[in-house]
2 protein chains.
Amino acid sequence: MKALDDIRVIDLSHVLAAPFCTMMLADMGAEVIKIEPPSGDDSREFGPFFEPDEKGDEQSGYFVSLNRNKKSTSINLKTEEGKEILRKLIAGADVVVENFRPNTMKKLGFSYEEIKEIKSDIIYCSICGFGHDALPEYATKPAYDMVAQAYSGLMSITGPKGGPPCRVGTSVGDIVAGHQAAIGILSALWHREKTGEGQHVDISMVDGLVSILENAISRYTIKGEVPEPLGTAHPNIAPFQSFPTKDDYIITPIGNDGLWEKFCEAIGKEELVDHPKFKDNRLRCENLDELVSRLEEVMKTKTTEEWIEIFEESGLPYSPLNRIDDVVDDDNINYRNMIEEVEQPDLGKVEVTGSPFKLSKTPGEVETHAPKLGEHNEEVLTELLDYSQQEVEKLKENEVLNEPK
Amino acid sequence: MKALDDIRVIDLSHVLAAPFCTMMLADMGAEVIKIEPPSGDDSREFGPFFEPDEKGDEQSGYFVSLNRNKKSTSINLKTEEGKEILRKLIAGADVVVENFRPNTMKKLGFSYEEIKEIKSDIIYCSICGFGHDALPEYATKPAYDMVAQAYSGLMSITGPKGGPPCRVGTSVGDIVAGHQAAIGILSALWHREKTGEGQHVDISMVDGLVSILENAISRYTIKGEVPEPLGTAHPNIAPFQSFPTKDDYIITPIGNDGLWEKFCEAIGKEELVDHPKFKDNRLRCENLDELVSRLEEVMKTKTTEEWIEIFEESGLPYSPLNRIDDVVDDDNINYRNMIEEVEQPDLGKVEVTGSPFKLSKTPGEVETHAPKLGEHNEEVLTELLDYSQQEVEKLKENEVLNEPK
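Attention in this report is confined to the structure presented alongside it. (Residues numbered from 1 in each chain as written. Chains lettered and ligands numbered in written order. Predicted model: local features only at pLDDT ≥ 70, side-chain atom pairs only at ≥ 80, totals over all residues. Heavy atoms only, no water.)

Thoughts on the overall build of chain A
Phase 1 of the analysis: Each helix and strand counted, chain A has 18 helices and 11 strands in total.
Phase 2 of the analysis: Along the first, second and third principal axes, the C-alpha atoms of chain A reach 85 × 50 × 40 Å.
Phase 3 of the analysis: Within chain A, the fraction of its 405 residues that count as buried is 62%.
Phase 4 of the analysis: A sequence separation of at least 24 residues applies to 66% of the contacts in chain A between residues at least 6 apart.
Phase 5 of the analysis: Looking at chain A as shown, the accessible area adds up to about 15,100 Å², and 45% of this sits on carbon and sulfur atoms.
Phase 6 of the analysis: In chain A, 43 positive and 75 negative side-chain charges are present, and the distance between their average locations comes to 4 Å. (Helix = DSSP H or I, 4+ residues; strand = E, 2+ residues; numbered from the N terminus. Buried < 20%, exposed > 50% of the residue type's maximum accessible area, 1.4 Å probe, protein only. Contact = heavy atoms within 4.5 Å. Areas by Shrake-Rupley, 256 points an atom, 1.4 Å probe, with all protein chains shown as cover. Lys, Arg positive; Asp, Glu negative; His and termini not counted. Charge placed at Lys NZ, Arg CZ, Asp CG, Glu CD.)

See below:
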């Protein structure tokens, strides 16, 4: 039994933001039925690709990692028969999720207003760049993760000190919106349970990133400061950053004066503990440049491994700068099942990221492979919707459905 | 009516990860009762600070923005009377949230095993660095956001190309864990509703960031590539990055060959459309350095404002590089209520980040101010727990509770 195994989600999503949301719901047990166009979710064409199989087909690692645990139907929604299938599916669903540009679902005849005529208590979740309810000039603006990162201000506070702005190395614009969509959907389901009411959950990628800017907004609204990129440094704690070592980097989050004393002892610089320029956090922040250059001198005299041993011994907080290979091979990350194997048809076992939802009774899990395009056409139509085998064949002939591929 | 207004959360959280989680639940209507030590949540001492009030007290902008909509009790949990109050509160609660290091709650006598003796169907959510269920050497390791960013590999793929690793400019280690905690709690509540069972939700900051690494993990597991920082560039789409202009930057997410053609026309470089080195995305990625240096030449000839006009005209995706002041003043971000005012005692109206949960019937909202330390001691004890006024006074005398401050 899983937490959400009585929830059915009709998933009109593509690429990343909404697929990330429905992946989390599927990992928790929801039945997620992906509705793909006959050409498939665009991300089936995104690398990295697995080695070609015997037939020469290359499966997308991008698609595989985001779509485990889901079913795929490929329905031509430009046909009336296709629309009819979707209407029937919605009639039996709890949730609809989509991340087209605003207006696209309306053009297809499946806006929230239209869908609630089919199923009055539906939870309809949209994710787009600037919001469905937005100023007219924003409502249909194209948006990508990169746009959300830049528009929200997040890019302006990420990067080396004094250097160029940098993108966060993963698509947090999509991914934070995907998380917020899941929270919005689960809250709306709770509300429906009490009242019988459905509603529209209108999630914006820009809102999502603005909502996580943390103290950057307050620094501006309270102090008038416009925050800037700080490399790895913390705006008001020091030394709370990375330092180059003899062979790599080490991160030293020295969060208070007690740790500072221990840290100075551990690195053999006892004279800094009560130094008039560094003895408390306020002074260390005021004299940051001098502090950093003094510490850089010391930290580069040993390897990261040597520092780790010293820091472990002293009970100081620290981190190595792990690369992706370190992460995939890490003992504790593997103990937590954050890299999971799934049996992928034509490929055998492949590794995907695990579920971070460690619930003692109903943990999130990777159970089934990412589907081929249209893999569940027949199952969904005949078992959920009572189409006959003959009708399914007819729909294939009419190019409303296609053969799984 | 709000989505979660029948849910009571006992919030033993401090600083950021768990307070972010309970902020989202409170914005959606949950009754969140914060249990602070007599010295208060540490983040009450974190800047930026508002101007001192008449009594010379400085309120923390950091605390105010994360704790709106919550109640505060200050209870000395080192006393038996304090523990008794907490036990009574838990007996009437749906959810307990905490983000101490593993073992701290156990030392206090409030581990999950102990709490479920008080309330068998409690949802108990812990957030820590490496997980409660972790290898012994990880279970009690100190962790901060910075550690999670470095340990998870996210820092290793964020920063300028070839340059030093950078921290994401906001504390995504805490914040992603906070979101996942909320999803875990809401899923567990759904499960409880069906089965009557409570459970332990064990969220790790490192797991959270590993789960959002997106295609970085697949690039390593499939191709053996160890991804590196790329500045603002995308690993396999070009030109999908920022360019310096005459006065600032512009972001050009040119996601496909159709847009490439439009883009070349818009910047007056029609000759590049069918150029043998740049005519499709694969070629543009292969010849990225030459592409970028050619485009840099062009992009720096106009101001960002001039480019925006041209890009708008052509219907091309783009973004300016907004700073935090642009964001706070932005028309659409304000239209979406992402910067909200709240009346803060002794300060008057202050601005905090709004709720990204735009639900048509039960939107997330900022309704009440962040509480003073112990502001709701009397209310909670007399109204929820039936303590008499006299008993409350006695508890104050015995330093179990303190006066609000």
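Continuing now.
As for empty space enclosed by the protein
Phase 1 of the analysis: Scanning the model with the defined rule gives seven cavities of 30 Å³ or more in all.
Phase 2 of the analysis: When its volume is computed, the largest cavity comes out at roughly 140 Å³.
Phase 3 of the analysis: Around the largest cavity, the lining comprises 16 residues; the ones closest to its centre are A:Arg219, A:Leu230, A:Pro235, B:Arg167 and B:Gly169.
Phase 4 of the analysis: Within the lining of the largest cavity, the residues separate by chemical class into seven nonpolar, five polar and four charged. (1 Å grid on protein atoms, 1.4 Å probe; cavity = no way out; pocket = protein on both sides within 12 Å on 5 of 7 lines; lining within 4 Å. Points joined across faces, edges and corners; volume = space filled by probe spheres on them. Nonpolar A, V, L, I, M, F, W, Y, C, P; charged D, E, K, R; others polar.)

Re helix α14 (residues 304-314) of chain B
In an α-helix, one full turn covers 3.6 residues, which means residues spaced three or four apart are oriented alike.
Residues and elements named next belong to chain B.
Phase 1 of the analysis: Listed in full, the buried residues belonging to α14 are Thr304, Trp307, Ile308 and Phe311. Looking straight down α14, one finds that the buried residues subtend no more than 105° of arc, so they occupy a single side. Seen from the open side of α14, the exposed residues pointing more than 90 degrees away from its buried face are Glu305, Glu309 and Glu313.
Phase 2 of the analysis: Summarising the contacts, the buried residues of α14 are in contact with β8 (249-253), α11 (257-266), α13 (288-299) and β9 (319-320).
Phase 3 of the analysis: Phi for Gly315, located one or two positions after α14, is positive at around 65°. (Arc of directions from axis to C-beta.)

A closer look at the interface of chain B and chain A
A common measure of how large an interface is: the accessible area buried when the components associate.
Phase 1 of the analysis: Opposite the 138 residues of chain B that make contact, chain A presents 137 residues.
Phase 2 of the analysis: Linking chain B with chain A are 10 salt bridges, by the criterion used here.
Phase 3 of the analysis: The shortest N-O distance in the salt bridge between B:Asp202 and A:Arg336 comes to 2.7 Å.
Phase 4 of the analysis: Linking chain B with chain A are 61 residue pairs in polar contact (both at pLDDT 80 or more).
Phase 5 of the analysis: Of all the elements, helix α8 (residues 172-195) of chain B adds the most residues to the side of chain B that touches chain A, at 18 residues.
Phase 6 of the analysis: Classifying every residue of the side of chain B that touches chain A gives 73 nonpolar, 39 polar and 26 charged. (Salt bridge = Lys/Arg side-chain N within 4 Å of Asp/Glu carboxyl O. Polar contact = N/O pair within 3.5 Å; in protein donor to acceptor, adjacent residues only side chain to side chain.)

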